[in-house]
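Residue-level structural notes
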Amino acid sequence: MRDDLLLIKGHFFFLFAALGPILPFISVIGKQLGISEVAMGTIYAVIPLLYFITKPVYGFIIDYFVRQRTFIFTLTVALMGVFYLLIYFVPHTPLQKNTPTSNTTNISCTSVLFCDLHKQDYPNWTVNQICSLTCKNGAIQETDVELRLSPELCNNTAHDINLNTRCNVTETDCDVDCKYLSPVSFVPLETLYRTSSFWIFVLLMALGSIGFNIVNTASDAICFNALGDGNEMKYGSQRMWGTVGYGITAFLAGYYIDHLSKGLTVKNNTPAFVLLMFFISLDIIVCSRLKFAPIPNSHRIVREACQVLRKPHVMIFVFFSLIIGLCDGFLVYYLFWYMETVANESGYYNKIRLIEGLTVLVQSFGGELLMFPLSGKIIKKIGYGNSLTMCFLFFAVRFLALSFIPNPWWTLPIEMVLFGVTYAFSYCTIVAYVSTISSTKIRGTMQGIVSGCYDGIGYALGSLLGGVLITLYEMRVTFRIFGAIALATAIIHYILYMVYLRKKICTNKEVVYIVPEESSKPVSPDNDDD
């Protein structure tokens, strides 16, 4: 095995092993600090927009400062790790230090309205609690009921629980004693925005996220340069090592966080940050030894990149890549939030961090690990156009399947089957396409621009649209709406491909929407071959 490819495999493994304990859980870490869905959705909508600005600039720097690229890249990896690590030290808001209890006596067991009992005390926050019921009049029993109450849930009276059958009587009085398993989760927005914890978290999260997306894009450019022209389809075999590291450490973090958090009111996230610090240190060592391919300086980098982007088939591909980013961004930001909502409804909240870790594990080993090495072969067989259509179809199936899960455990088989053919295959299709249409001297810039559209604007739109739809509807309905969007986009893209894109008259690298082998030879105006 070539030494440069071995180093790239090691870099992908250590980088994503460092981020596996952090990235999937960043939203729920913010949740522990009292940040609500509304505030988190706003953060997620703004930060990706910064990618669109910073990634092309960074790509330009990498392409322009040839001799300093190894140092710049290694420094970026180190700073990213520092920003994420500092999140561990963000202080909790004062409102979260209390873990109150409540006791209500002599109420009717025929209809115990838990929302009415507690929403007056905590109208704007979500509480997770265990309630013990003591029935009177000779029918004394105790029943522990795990509840998670929120204004949204309490607006639906179905979440008020009738415990009459548990008391085995028709009419009696009972006492209800509730102990809160976790502190108040959501701080009122007017209070939250005045806390230093919120702004420190936002700053560190923004800097860390920008650093990761820059490093991820630059890593792809490094990988493609090492592979050389014509070997773009081998990208997945290198990137799969990042999947291995990501899945292992995400599972370990989820397991040990739950293990160390037994009996605690706030999850102990120490294992996640220990893993981050260990693996980012190893990655810094590897990055310092990476050899960048010699690329001649070009003072026309921006002009050449713009010339490529002006081509119709490139603009169309970038636009649909943005829609893929919208779908993927919604899942990245809201899947775990949705799982916690389902866990609250089905009584699995005490195991939710473990389930989330297992979800990342099956996404990595059941989906990405298989699809990354296979993606190149599939793209080579069916072409980039058909590949994009297939991505949207599987996104639609994934959204709709998730919308019907009865409890969070059902996420595991769905993500095992569908995650790879949505995220991994989509990502490989986009980055391989960009590499195919780019010369070596503008490859970093082009990866930055297209990636900025995909996980910059696309992720921002996914977060923003998802937040609006969740506010107007509920989580399950929102997932079904996104499923409909993905299905409609697949149909539109397929029609556009059949009518226009596959019949374009191009030569050399411009025929990239059809089967890649055909991009190296001219085609006739009436060529209908795929």
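The model shown is predicted, which means the values in this text are computed figures rather than measured ones. (Residues numbered from 1 in each chain as written. Predicted model: local features only at pLDDT ≥ 70, side-chain atom pairs only at ≥ 80, totals over all residues. Heavy atoms only, no water.)

**Focus: the packing of helix α13 (residues 312–346) against helix α17 (residues 475–499)**
Condition: Where helices are involved, their axes are fitted lines through C-alpha atoms of the stretch in contact, as for all axes, and angles between N-to-C directions lie from 0 to 180°. In this text, helices come from DSSP runs of H or I with a minimum length of four residues, and strands from runs of E with a minimum of two, each type numbered from the N-terminal end. Roughly parallel means an angle under 35 degrees; roughly antiparallel, over 145; roughly perpendicular, 65 to 115; everything else is oblique. If you view the pair so one helix is near and one far, a crossing is left-handed when the near helix is turned anticlockwise from the far one by less than a right angle, and right-handed when it is turned clockwise. Each residue receives one of three labels: charged for Asp, Glu, Lys and Arg, nonpolar for Ala, Val, Leu, Ile, Met, Phe, Trp, Tyr, Cys and Pro, and polar for the others, Gly being one of them.
Across the interface, α13 lies against α17 with an axial gap of 10 Å and an inter-helix angle of 160 degrees. Considered as vectors, α13 and α17 are oriented roughly antiparallel to each other. Two packed elements cross with a definite hand, and for α13 against α17 that hand is left-handed. Taken together, the residues that form the contact of α13 with α17 break down as 18 nonpolar, 4 polar and 2 charged.

**A word on a nonpolar patch on the surface**
Rule in force here: Like charges within 9 Å and nonpolar side chains (Val, Leu, Ile, Met, Phe, Trp, Tyr) within 5 Å are joined into patches, using only residues over 30% in relative accessible area that form no salt bridge. Note on areas: Shrake-Rupley, 1.4 Å probe, and residue coverage restricted to the protein chains presented here. By definition here, a salt bridge exists when the distance from a side-chain nitrogen of Lys or Arg to a carboxyl oxygen of Asp or Glu is within 4 Å. In this scheme, a residue with accessible area under 20% of its type's maximum is buried, one over 50% is exposed, and one in between is partly exposed, where area comes from a 1.4 Å probe on protein chains only.
Together, L393, L487, I491, Y494, I495, V499 and Y500 make up a nonpolar patch on the protein surface, roughly 650 Å² of accessible area in all. Top element by residues in the nonpolar patch is α17. It accounts for 5 residues. Among the secondary structure elements, Y500 is positioned in the segment after α17. You can call Y500 partly exposed: its relative accessible area is 34%.

**As for the pattern of salt bridges**
The tally for this structure, following the rule as stated, stands at 1 salt bridge. Put simply, R398 and E415 hold a salt bridge, and the shortest N to O gap is 2.6 Å. A residue pair is termed long-range when its members are at least 10 positions apart, and R398 in helix α14 (residues 352–402) and E415 in helix α15 (residues 411–437) qualify at 17 residues. The two residues R398 and E415 agree in class, both being buried.

**Looking at the nonpolar core**
Put simply, the test is: Joining through side-chain atoms within 4.5 Å is the link that ties buried Ala, Val, Leu, Ile, Met, Phe, Trp, Tyr and Cys residues into a set, and such a set is a nonpolar core. By definition in these notes, contact holds between two residues if any of their heavy atoms fall within 4.5 Å.
One finds F73, F201, Y235 and F399 to be the most contacted residues of the largest nonpolar core, which totals 132 residues. Here this core gets 21 residues from one element, more than from any other, and that element is α13. If we skip the residues at most four places from it in the chain, Y235 touches F12, D220, C223, F224, L227, Y427, C428 and V431.

**Some details on the side chain of Q363**
Test applied: Polar contacts, as used here, are pairs of N or O atoms within 3.5 Å; protein pairs need one atom able to donate a hydrogen and one able to accept it. Residues neighboring in sequence count only if both atoms are side-chain atoms.
Within the fold, Q363 resides in helix α14. For Q363, the side chain forms a polar contact with the side chain of E415, separated by 2.6 Å. Sequence-distant contacts of Q363, defined by excluding residues within four places in its chain, comprise L335, E368, R398, E415 and F419.

**Comments concerning the packing of aromatic side chains**
Applicable threshold: Note on aromatic contacts: the rings of Phe and Tyr and the six-membered ring of Trp form a pair at centre separations within 6.5 Å, being stacked when their planes are under 30 degrees apart, edge-to-face when over 60 apart, and tilted otherwise. Distance and angle both matter: a charge sits over a ring if NZ of Lys or CZ of Arg is within 6 Å of the ring centre and within 35 degrees of the ring normal.
This structure, assessed with the given rule, holds 30 aromatic pairs. Ring geometry for Y255 against Y256: centres 5.0 Å apart, planes inclined by 85 degrees, an arrangement best described as edge-to-face. Among the residues examined, Y256 registers a relative accessible area of 40% and is labelled partly exposed. Counting every residue linked through ring pairs, the aromatic cluster contains F330, Y334, Y338, F395, F399, F479 and F482. If you follow R239 out to its NZ or CZ, it ends over the ring of F16, 4.0 Å from the centre. Between R480 and the ring centre of F404, over which it is positioned, the NZ or CZ distance is 4.2 Å.

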